Structures are given as structure tokens and as C-alpha cells.
Amino acid sequence: MTKQKWAVDAAHSSVDFSIKHMMIANVKGAFLNFEATVDADPTDLTDAEIDFSIDLSSIDTRNEDRDNHLKSADFFDVEQYPKMTFKSTKVVNKGDHEYDVTGELSLHGVSKQETFHVAFEGQGKDPWGNEKVGFSADGSINRSDYGLTWNSALETGGVLVGDKVKINLQIEAAKAE
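For the structure given in this document, a descriptive report is provided here. (Residues numbered from 1 in each chain as written. Predicted model: local features only at pLDDT ≥ 70, side-chain atom pairs only at ≥ 80, totals over all residues. Heavy atoms only, no water.)

### Describing the overall build of the protein
Counting secondary structure elements, the protein contains one helix and eleven strands. For the protein, the N- to C-terminal ordering of α and β elements is β-β-β-β-β-β-α-β-β-β-β-β. For a compact globule of 177 residues, the expected C-alpha radius of gyration is about 16 Å, and the protein comes in at 17 Å, within 12% of that figure. For the protein, the C-alpha atoms occupy an extent of roughly 60 × 30 × 30 Å along the three principal directions. Across the 177 residues in the protein, those meeting the buried criterion constitute 41%. Of the roughly 9,700 Å² that the protein leaves accessible, carbon and sulfur atoms contribute 49%. Considering the protein, the positive charge centre built from 18 side chains and the negative charge centre built from 31 side chains are found 3 Å apart. (Helix = DSSP H or I, 4+ residues; strand = E, 2+ residues; numbered from the N terminus. Rg over C-alpha atoms; globule rule 2.2 N^0.38 Å. Buried < 20%, exposed > 50% of the residue type's maximum accessible area, 1.4 Å probe, protein only. Areas by Shrake-Rupley, 256 points an atom, 1.4 Å probe, with all protein chains shown as cover. Lys, Arg positive; Asp, Glu negative; His and termini not counted. Charge placed at Lys NZ, Arg CZ, Asp CG, Glu CD.)

### Comments concerning the nonpolar core
Taken as a class, soluble globular proteins show a tendency for nonpolar side chains to be buried jointly. In this structure, F31, F52 and F76 are the most contacted members of the largest nonpolar core, which totals 43 residues. Counting residues per element, this core draws most heavily on strand β11 (residues 161-175), which supplies six residues. Setting aside anything within four residues of it in sequence, one finds F31 in contact with V15, F17, I54, D55, L56, S58, I59, F76 and M84. (Core = buried A, V, L, I, M, F, W, Y, C linked by side-chain atoms within 4.5 Å. Contact = heavy atoms within 4.5 Å.)

### Some words on the environment of Q123
In this structure, Q123 sits in strand β9 (residues 110-125). We classify Q123 as partly exposed; its relative accessible area is 33%. With 81 residues separating them along the chain, Q123 and P42 place their C-alpha atoms 8.1 Å apart. Within polar-contact distance, the side chain of Q123 engages the side chain of E131 at 3.1 Å. (Polar contact = N/O pair within 3.5 Å; in protein donor to acceptor, adjacent residues only side chain to side chain.)

### Some thoughts on unusual backbone geometry
For D77, which is not glycine, the phi torsion reads 50° and is therefore positive. Tracing the sequence through the fold places D77 in the loop between α1 (64-71) and β7 (83-95). Judged by relative accessible area, D77 falls into the buried class, the value being 16%. Non-glycine residue D96 carries a positive phi angle of around 55°. Within the secondary structure layout, D96 lies in the loop between β7 and β8 (98-107).

### Comments concerning the side chain of D9
With respect to the helices, strands and loops of the structure, D9 is situated in the loop between β1 (4-8) and β2 (14-21). For D9, a relative accessible area of 17% gives the class buried.

### A few points about the layout of surface pockets
Quantified by volume, the largest pocket comes out at close to 830 Å³. If you trace the largest pocket, you find 43 residues lining it, with F17, F31, M84, V165 and I167 closest to the centre. Looking at which element gives the most residues to the lining of the largest pocket, the answer is β2, with six residues. Its residues assigned to classes, the lining of the largest pocket shows 34 nonpolar, five polar and four charged. (1 Å grid on protein atoms, 1.4 Å probe; cavity = no way out; pocket = protein on both sides within 12 Å on 5 of 7 lines; lining within 4 Å. Points joined across faces, edges and corners; volume = space filled by probe spheres on them. Nonpolar A, V, L, I, M, F, W, Y, C, P; charged D, E, K, R; others polar.)

### Describing the pattern of salt bridges
By the definition in use, this model includes seven salt bridges. D100 is the salt-bridge partner of K94, the closest N and O atoms lying 3.7 Å from each other. According to the relative accessible area criterion, K94 is exposed, its value standing at 52%. Between K112 and D145 there is a salt bridge; the shortest N-O distance is 4.0 Å. Within this pair, whereas K112 is found in strand β9, its partner D145 is found in the loop between β10 (131-142) and β11, the two being separated by 33 residues in sequence. By sharing partners, the salt bridges in this structure join D9, K132 and E172 into a single network. (Salt bridge = Lys/Arg side-chain N within 4 Å of Asp/Glu carboxyl O.)

Right, dumping it as C-alpha cells:
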């Protein structure tokens, strides 16, 4: 197959994350508004070009007060930094349709190289004849690397919010015309 453009179908995709709370439990959340394009042969991503953008104000942790705090200057500061972006720079084939995708992640005015594990999940046509592909991706970042350092010390020791953020993406993309 040759390299083609694919656009993420947000209605059939998700961007989820989890982070430690009080050093004892994981709190989960999602970003509801995002877009991406993938210029690739989905069966061989080694020369793929991936551009991903997330609207940070679309955060949903199932708690409005927490979401508003995360949007504030204490965390994302969405008024000044409304988006998180990722642009691939290197893709390494790990075998069996699995890849390490490295790219420039920009968040809160800071850009760093990050690597995510990506798996090609399959390809097919929907009932209307549209070509679709599926991918999953996971990885983690340290929020402090991006200047997201707000925290609160706990009486019993430790901190309220962990540094490591686990990220999971489930992506369905449609062949762009």
C-alpha cells in the first residue's frame, strides 16, 4: 500500500489519561476535542507523518471543579496555552505492526521529544464504503517537564498530584479524499 492521508474520526476515537492522586489511587480523565492527520501507509508506519492537536479546554475528569482548576493558571492555563500538539519526527518498527513513535510534544509553552508505543489495529471498510484504519497508542510524560508543577503536600507525607501522566489513545481514522 502507498502513503495516504488519514483523518481521525473523533466520534470513534478517544484520548484518555490517568495520574496518581494522594499517592494511593489513579484518577482518570479524557480530552473530548482533538484532531489529527496521519500521512502514512497504515500497514508500515516507518515513514509516517503524524500531527495531533488537543483542545485542552475540553478536559473531562467527571468533576467540574477539578476540570476548572486544571484549566486555570495553576495547571494548563488554557487562556494562554489552549492546545497540546504532537508532531512525529521518527518511527521505529518494533515488529508485529507495533512501533515506537517519537515526536515533538508541545504543552504549556514547552516542547520536548516524547515517544509513544503505537499499534496498528487493522483496516477495513465501513457499511458506507469508507476506508478506515485503527491504531492504539500509549505512553507517559512527566508533567513537571512542561512547567506543570502545582501541588500540595500531604500531612502524611507525599503530594496530592503525581508527576507521571499515563496517556492512552484509541484512534479510528478515515481515508481523506
